There are 2 protein chains.
Amino acid sequence: MSDSDYYCVVLAGGFGTRLWPLSRKGLPKQFLDFNGDGTTLLKTTVARMSKIVPKENIIVSTNLDFYEDVLTQLPDLDPLQILREPAMKGTAPSIMLAAYHIRDINPNASVVVVPSDLVIMDEEPYEKTICDGLDFVSRNDGLLTVGIRPTRPETRFGYIQADDTQVDGMNKVRAFTEKPEEEFAKVFVESGEFFWNSGILMWNVNSFIGIAGECLPDLEAQFNVIYDSTHNRDARRSLLYSVYEAFPRISIDYAVLEKSDKVYMTTGNFHWNDIESWDLLYDYCRKDENGNVTGTGNSQTYNCKGNMVLCNNGKKLIVADGLENYLVVETEDVLVICPRNKEVDFKKYLNDARVRFGERYS
Amino acid sequence: MSDSDYYCVVLAGGFGTRLWPLSRKGLPKQFLDFNGDGTTLLKTTVARMSKIVPKENIIVSTNLDFYEDVLTQLPDLDPLQILREPAMKGTAPSIMLAAYHIRDINPNASVVVVPSDLVIMDEEPYEKTICDGLDFVSRNDGLLTVGIRPTRPETRFGYIQADDTQVDGMNKVRAFTEKPEEEFAKVFVESGEFFWNSGILMWNVNSFIGIAGECLPDLEAQFNVIYDSTHNRDARRSLLYSVYEAFPRISIDYAVLEKSDKVYMTTGNFHWNDIESWDLLYDYCRKDENGNVTGTGNSQTYNCKGNMVLCNNGKKLIVADGLENYLVVETEDVLVICPRNKEVDFKKYLNDARVRFGERYS
């Protein structure tokens, strides 16, 4: 097994409304320049992964809407490395497509699938975890997840419950749980058996297609038709278009990981953050000496502490006076000013706006 | 004396930085649509005056920079009714220019000069005050000011001290005072002799040119040359351009009213406001049931009281949560969020921005 068999799939096709109005249907958070320095989570992710797998073995999976954004942000990538999903159907169809695509190139491939919007604070232990994991999946039939040892009873992450049973040094997974209530999260952390689900997944292509095929036989059959019937790229594309829209919208966790008994977990000893909310984003961003995040825009603050001011127009002058622990988010057509705490409900803001204005501000 | 001898000069050439960043060098407050209903102080002023003098006798005095704005906001006016000052030289040269212009059209004209940025709350007593005043100046040689009986020791207005001596029913003016310290303002109000200077001035053209000419003989001489040497509009214009730039920058109050002994005052029994500051603007604007001013933009407020949110993009969605007595002002390139109180120093914000960015945000 050489490094040239190591591949990476960067998932860059999703979007959420949790960071509305900054993150929009048209511009999800992986494409945003939060610190105003030209970097984005997507660019950082690809740069990080290119230290682990050969750059030409990185596949960015996105959908038609974001294809141009990916091209623009990653000019060093061959456009053939960008995989376009014809529709947003969740991670299961998306990862299956990537698996068939890679197997077609290299049937010995071992693949690490990473979300494009994760924050990784310690690069070295991260690299070691991924390299050891790729080594494991290259030798074993199974799906390897990465769990992060929890440092607090976090209710905004999913959890992996590890089993004592080990195979080739990796624990089997007993169960996955969605974002838990706080009382459960506390029990999880105290038990020592539960780990934050990092969203990272490793496998060799034959294992993955075998296991996913068992769980999703209809999808497997259709992908087999597409990839067995022709080697012509355009023909495959048009076959894919003809069926993809009708695929169920389904996540890899729900469709495969929770169902298969060949799922393992390795412990990632690195700091990790999934920017699932405004206060997690605040934790991630650079702050001035008063704890203000003012990465974008030309800001002038007076009597300000602990605020996050984000403005998608880097040239704007932002003057803030007497604000403490507030969040100010400005986009071309939305301005939100609210306390920066967990109780703030952006979904409510957006829903109220939908009631009044339809999808205009979505 | 018929109504056709009544004229009005609307002064729309000035700008201040007190309402920065909303009011800018490029867009002074008389042109702003504070309530988001299409009205502006300039439009309202012209509509109000056209009930008092024939519409064709309204002259809007502005400068080159704002000429297009005036044309756009007042499409019903003949462009010849818009007088362009070649440079901003304060009210003395500007009103003298208007006086010569009107005398040339109608040497029997009686004129009321009004700032374009005043707020008048009671139209009827206002109309009566102006009509009576025009009647007075049509029969008397003098300059008639309008004083407003003060209801509080306001330090942001100038004051007129009235004399007991009356001529044809109007009090003579003893003195003008600039914006006073609070202790003086209190004494002023208690004395009963002091009135807020409304900035409104009435005169017949011959009186005004005579009195202003005594106070400003150099300007008088130059205007005489311009208006006596030719009746050709273009020739006059080029003569005016050749001298205006060298005129002193000087206000009518300082140059004429404070020096002449032919100045009178009539008491205006109407509510009046000069929007000289953000909190005076707050007083002026329409509020919702929680005291929030959210005239422009599509606003959604939660737990908000007593705020003023102004946004020069009417389409923007503004979500504010948990703000009390704040001011949020947004323009294309500046966003200010600060407490809404007298202590807030917008000049400081602007000066700090100038130190960092030059005139970019001025």
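Residues numbered from 1 in each chain as written. Chains lettered and ligands numbered in written order. Predicted model: local features only at pLDDT ≥ 70, side-chain atom pairs only at ≥ 80, totals over all residues. Heavy atoms only, no water.

### A short note on the sheet that holds strand β16 (residues 334-339) of chain B
Here is step 1 of the chain: The five strands lie next to each other as β12(A)-β14(A)-β16(B)-β15(B)-β13(B), forming an open sheet whose pairing is mixed. For this open sheet the edge positions go to β12 (298-302) of chain A together with β13 (308-311) of chain B, each flanked by a neighbour on one side alone. The sheet shows a mean angle of 5° between the axes of neighbouring strands, direction not considered.
Here is step 2 of the chain: Pairing between strand β14 (residues 317-321) of chain A and β16(B): four bridges, direction parallel. Bridging from a neighbouring strand, Ile318(A) pairs with Leu335(B) of β16(B).
Here is step 3 of the chain: Across the sheet, helix α11 (residues 346-357) of chain B lies against β12 and β14 of chain A together with β15 (326-330) and β16 of chain B, angled at about 140° from β12(A), the strand it touches most. (Pairing = 2+ DSSP bridges. Helix = DSSP H or I, 4+ residues; strand = E, 2+ residues; numbered from the N terminus. Axes fitted to C-alpha atoms, helices over the stretch in contact; angles between N-to-C directions. Contact = heavy atoms within 4.5 Å.)

### Remarks on the interface of chain A and chain B
Here is step 1 of the chain: Facing the 35 residues of chain A at the interface are 35 residues of chain B.
Here is step 2 of the chain: Taken together, both faces of the contact between chain A and chain B bury some 2,900 Å²; the carbon and sulfur share is 54%.
Here is step 3 of the chain: Ranking the residues of chain A by area buried against chain B places Leu317(A), Leu335(A) and Ile337(A) at the top, with a combined share of 22%.
Here is step 4 of the chain: Seen at the junction of chain A and chain B, the total is two salt bridges.
Here is step 5 of the chain: Put simply, Glu330(B) and Lys316(A) hold a salt bridge, and the shortest N to O gap is 2.4 Å.
Here is step 6 of the chain: Here chain A and chain B share 30 residue pairs in polar contact (both at pLDDT 80 or more) between them.
Here is step 7 of the chain: Listed by contribution, the elements that provide at least two residues to the side of chain A that touches chain B are β12, β14, β15 (326-330), β16 (334-339) and α11 (346-357) of chain A.
Here is step 8 of the chain: Residues that form the side of chain A that touches chain B fall into these classes: 19 nonpolar, six polar and ten charged. (Buried area = accessible area lost by both parts, 1.4 Å probe. Salt bridge = Lys/Arg side-chain N within 4 Å of Asp/Glu carboxyl O. Polar contact = N/O pair within 3.5 Å; in protein donor to acceptor, adjacent residues only side chain to side chain. Nonpolar A, V, L, I, M, F, W, Y, C, P; charged D, E, K, R; others polar.)

### Side note on the environment of Val329(B)
All names here are of chain B.
Here is step 1 of the chain: You can see Val-329 is positioned in strand β15.
Here is step 2 of the chain: Considering only alpha carbons, one finds Val-329 and Val-309, 20 residues apart in sequence, at a separation of 5.9 Å.
Here is step 3 of the chain: Apart from residues no more than four positions distant in its own chain, Val-329 is found in contact with Pro-21, Leu-22, Trp-278, Leu-310, Val-334, Leu-335 and Val-336.

### Details of the pairing of strand β8 (residues 170-177) of chain A
All names here are of chain A.
Here is step 1 of the chain: Relative to β8, strand β7 (residues 159-167) runs antiparallel, the two sharing six bridges. Directly across from Tyr-159, in β8, lies its bridge partner Thr-177.
Here is step 2 of the chain: Turn length for the β7-β8 hairpin, with the two strands adjacent in sequence and antiparallel, is two residues, and the turn residue Asp-168 shows positive phi of about 50°.
Here is step 3 of the chain: Two strands pair when backbone bridges link them, and β8 and strand β10 (residues 263-268) are joined in this way by two bridges, in the antiparallel orientation. Note that in β10 the partner of Asn-171 across the bridge is Met-265.

### A word on the relation of the copies chain A and chain B
Here is step 1 of the chain: After a rotation of 179° and a shift along the axis of 0.2 Å, chain A superposes on chain B with an RMSD of 0.1 Å. Taken together, the turn and the small shift mark the pair as related by a two-fold rotation axis. (Least-squares fit on C-alpha atoms with pLDDT ≥ 70 in both.)

### Brief notes about the sheet that holds β16(A)
Here is step 1 of the chain: Overall, mixed pairing links the five strands, which are arranged β13(A)-β15(A)-β16(A)-β14(B)-β12(B) in an open sheet. The outermost strands of the open sheet, each flanked by one partner alone, are β13 (308-311) of chain A together with β12 (298-302) of chain B. Within the sheet, the average angular offset between the axes of one strand and its neighbour, ignoring direction, is 5°.
Here is step 2 of the chain: One ladder, built from five bridges, connects β12(B) with strand β14 (residues 317-321) of chain B; its direction is parallel. Among the inter-strand pairings, Thr301(B) is bridged to a residue of β14(B), identified as Ala320(B).

### Things to note about the confidence of the model for chain A
Here is step 1 of the chain: Summarising the model, chain A shows a mean pLDDT of 91, and 97% of its residues fall at 70 or more.
Here is step 2 of the chain: Predicted as a complex, the structure gets a pTM of 0.72 and an ipTM equal to 0.71. (pLDDT = per-residue confidence, 0-100.)

### Considerations on unusual backbone geometry
Here is step 1 of the chain: A positive phi is found at Asp168(A), a non-glycine position, where the angle reads about 50°.
Here is step 2 of the chain: Structurally, Asp168(A) can be placed in the loop between β7 and β8.
Here is step 3 of the chain: Under the relative-accessibility criterion, Asp168(A) is labelled partly exposed at 42%.
Here is step 4 of the chain: A positive phi angle, near 55°, is found at Asn303(B), a position not held by glycine.
Here is step 5 of the chain: Secondary-structure assignment places Asn303(B) in the loop between β12 and β13. (Buried < 20%, exposed > 50% of the residue type's maximum accessible area, 1.4 Å probe, protein only.)

### A look at the pairing of strand β3 (residues 82-85) of chain A
Residues and elements named next belong to chain A.
Here is step 1 of the chain: Across four bridges, strand β2 (residues 58-63) lies against β3 in parallel orientation. In the sheet register, Asn-63 faces β3, and the bridge partner there is Glu-85.
Here is step 2 of the chain: A crossover links β2 with its parallel partner β3, the connecting element being helix α2 (residues 67-73), and its sense is right-handed. (Right-handed = clockwise from strand over helix to strand, strands pointing away.)

### Focus: the side chain of Glu330(A)
Residues and elements named next belong to chain A.
Here is step 1 of the chain: With respect to the helices and strands, Glu-330 occurs in strand β15.
Here is step 2 of the chain: We classify Glu-330 as buried; its relative accessible area is 2%.
Here is step 3 of the chain: A distance of 2.8 Å separates polar atoms of two side chains, one belonging to Glu-330 and the other to Lys-316.

### What about the packing of helix α3 (residues 91-105) of chain B against helix α8 (residues 233-244) of chain B?
Packed helices, taken two at a time, are described by the angle their axes make and the gap between the axes.
All names here are of chain B.
Here is step 1 of the chain: Two numbers describe how α3 lies on α8: the axes approach to 14 Å, and their chain directions differ by 160°. Between α3 and α8, the interaxial angle falls into the category roughly antiparallel. Classified by chirality, the crossing of α8 by α3 is right-handed. Seen from α3, the contacting residues are Pro-93, Ser-94, Leu-97 and Asp-104; seen from α8, they are Arg-236, Leu-240 and Tyr-244.
Here is step 2 of the chain: When grouped by side-chain class, the residues that make up the contact of α3 with α8 number four nonpolar, one polar and two charged. (Parallel < 35°, antiparallel > 145°, perpendicular 65-115°, else oblique. Left-handed = near helix turned anticlockwise from the far one by under 90°.)

### With respect to helix α4 (residues 123-139) of chain B
Residues and elements named next belong to chain B.
Here is step 1 of the chain: Relative to the 24 Å expected for 17 residues at 1.5 Å per residue, α4 spans 25 Å between its end C-alpha atoms, a close match to the ideal helical length.
Here is step 2 of the chain: Of all the residues in α4, the buried ones are Tyr-126, Thr-129, Ile-130, Gly-133, Leu-134, Phe-136 and Val-137. Within α4, the buried residues cover an arc of 160° as seen down the axis, which keeps them to one side. Along α4, the residues that are exposed and aim more than 90 degrees away from the buried face are Glu-124 and Lys-128. (Expected span 1.5 Å × (residues − 1). Arc of directions from axis to C-beta.)

### Section: the pattern of salt bridges
Here is step 1 of the chain: Counting across every chain of the model gives 34 salt bridges over all chains.
Here is step 2 of the chain: Across the pair Arg139(A) and Asp135(A) runs a salt bridge whose closest N-O atoms are separated by 2.8 Å. Linking Arg139(A) with Asp135(A), this pair stays in helix α4 (residues 123-139), spanning four residues, or about one helical turn.
Here is step 3 of the chain: Given a relative accessible area of 32%, Asp135(A) falls into the partly exposed group.
Here is step 4 of the chain: The salt bridge involving Arg48(B) is made with Glu123(B); its shortest N-O contact spans 3.3 Å. Placement of Arg48(B) in helix α1 (residues 41-49) and of Glu123(B) in helix α4 is noted, with a sequence separation of 75 residues between them.
Here is step 5 of the chain: For Arg48(B), a relative accessible area of 4% puts it in the buried group.
Here is step 6 of the chain: Taking relative accessible area as the criterion, Glu123(B) reaches 26% and is therefore assigned partly exposed.

### Focus on the environment of Phe247(B)
All names here are of chain B.
Here is step 1 of the chain: Its location among the elements puts Phe-247 in the loop between α8 and α9 (252-257).
Here is step 2 of the chain: The class for Phe-247 is buried, based on a relative accessible area of 3%.
Here is step 3 of the chain: It is 36 Å that separates the C-alpha atoms of Phe-247 and Tyr-282, two residues lying 35 residues apart in sequence.
Here is step 4 of the chain: Look past the residues within four positions of Phe-247 in its chain and what remains in contact with it is Lys-89, Pro-93, Leu-219, Gln-222 and Phe-223.

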